[in-house]
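# Residue-level structural notes
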Amino acid sequence: MPKEFSRGQRVAEQVRRELAELIRLEVKDPRVGFITLTDVELTPDYAHAKVFFTSMTGQEGLDEILRGLRRASSFLRRELGRRVRIHTLPELHFVYDPSVETGNRISALIDKAVESDRHYADDAGEGEGARPDTDTPDSSR
């Protein structure tokens, strides 16, 4: 059975989409240019919204990006009120989301470990002919 989303989750996703579009098209501050909104968490009463973002530049210039977002927050909130009809317009709190950076770092570590295993297997397999993992038929297929 598909997972059902609560109204709060649907509103949070709508807020994320609208804010992303507003930042991309309407905010003229160059400090805010290269960010991606990853998530929005709304309080149950919709009074506050944590807006998680990541930057193409990583943590470099993060203070400037946060200053630009805080400066644009009143504009973003006003425009959000015109686009999303909810009884309480949330106050926006911007939070840097390091998950993309962490994911890239973990992926690079996994790639390095796989390459190391391949190198070790190649060294151990020299003189014996072909590598066993490529020539042995898999009986489970």
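Above: the structure in question.
Here goes a summary of the coordinates provided. Source: prediction; values computed, not measured. (Residues numbered from 1 in each chain as written. Predicted model: local features only at pLDDT ≥ 70, side-chain atom pairs only at ≥ 80, totals over all residues. Heavy atoms only, no water.)

### Things to note about the overall build of the protein
Where we set the bar: Every helix listed is a DSSP run of H or I at least four residues long, and every strand listed is a run of E at least two residues long, numbered separately from the N terminus. For this analysis, residues touch if any pair of their heavy atoms sits within 4.5 Å. Computed with the Shrake-Rupley method and a 1.4 Å probe, the accessible areas treat only the protein chains shown as cover for residues.
What the protein contains, in helices and strands, is 4 helices and 3 strands. Secondary structure elements of the protein occur, N-terminal to C-terminal, as α-β-β-α-β-α-α. Sequence separation of 24 or more characterises 61% of the internal contacts of the protein that already satisfy a separation of 6 or more. A total of about 10100 Å² of accessible surface is found on the protein, and carbon and sulfur atoms cover 51% of it.

### Comments concerning the sheet that holds strand β3 (residues 91-96)
Spelled out, the test is: Paired strands, as defined in this entry, are two strands with at least two bridges between them according to DSSP. An axis is simply a line fitted to the C-alpha atoms; with a helix, the fit covers only the stretch in contact. Between two such axes, the angle follows the N-to-C directions and lies from 0 to 180 degrees.
One open sheet holds the 3 strands; their spatial order is β1-β2-β3, and the pairing between them is mixed. The two strands at the open ends of the sheet, each matched to only one other strand, are β1 (35-42) and β3. Looking at each pair of strands side by side, their axes are set apart by 30° on average, direction ignored. Of the pairings in the sheet, the one linking β1 to strand β2 (residues 48-55) comprises 7 bridges and is antiparallel in character. In the sheet register, Val40 faces β2, and the bridge partner there is Val51.

### Notes on the side chain of Asp97
How we decide: For this analysis, a polar contact is any N or O atom pair within 3.5 Å, provided that within protein one partner can donate a hydrogen and the other can accept it, and provided that sequence-adjacent residues contribute only side-chain to side-chain pairs.
Relative to the assigned elements, Asp97 resides in the loop between β3 and α3 (99-125). Within the structure, the side chain of Asp97 is placed 2.7 Å from the side chain of Thr38, a separation counted as a polar contact. Looking at Asp97, its side chain comes within polar contact range of the side chain of Ser99, at 2.9 Å. For Asp97, the contacting residues outside a window of four places in its chain are Thr38, Phe52, Phe53 and Thr54.

### Observations concerning the pairing of β3
Convention followed: Exposure categories follow from relative accessible area, calculated using a 1.4 Å probe and restricted to protein chains: below 20% of the type maximum is buried, above 50% is exposed, and the middle band is partly exposed. We call a crossover right-handed when, viewed with the strands running away from us, the connection from the first strand over the helix to the second turns clockwise.
Residue alternation in β3 divides its side chains into a buried set, Leu92, Phe94 and Tyr96, and an unburied set, Glu91, His93 and Val95. As defined by bridge partners, β2 adjoins β3 across 6 bridges and the pair is classed as parallel. Across the sheet, residue His48 finds its bridge partner in β3, namely Glu91. The handedness of the β2 to β3 crossover, carried by helix α2 (residues 62-83), is right-handed.

### A few points about helix α1 (residues 7-25)
This is how it is decided: A helix is expected to reach a length of 1.5 Å times the quantity of its residues less one.
Compared with an ideal rise of 1.5 Å per residue, which puts 19 residues at 27 Å, α1 spans 27 Å between its outermost C-alpha atoms and is within 8% of the ideal. Among the residues making up α1, those that are buried are Val11, Ala12, Val15, Arg16, Glu18, Leu19, Leu22 and Ile23. The secondary structure elements touched by the buried residues of α1 are β1, β2, α2 and β3.

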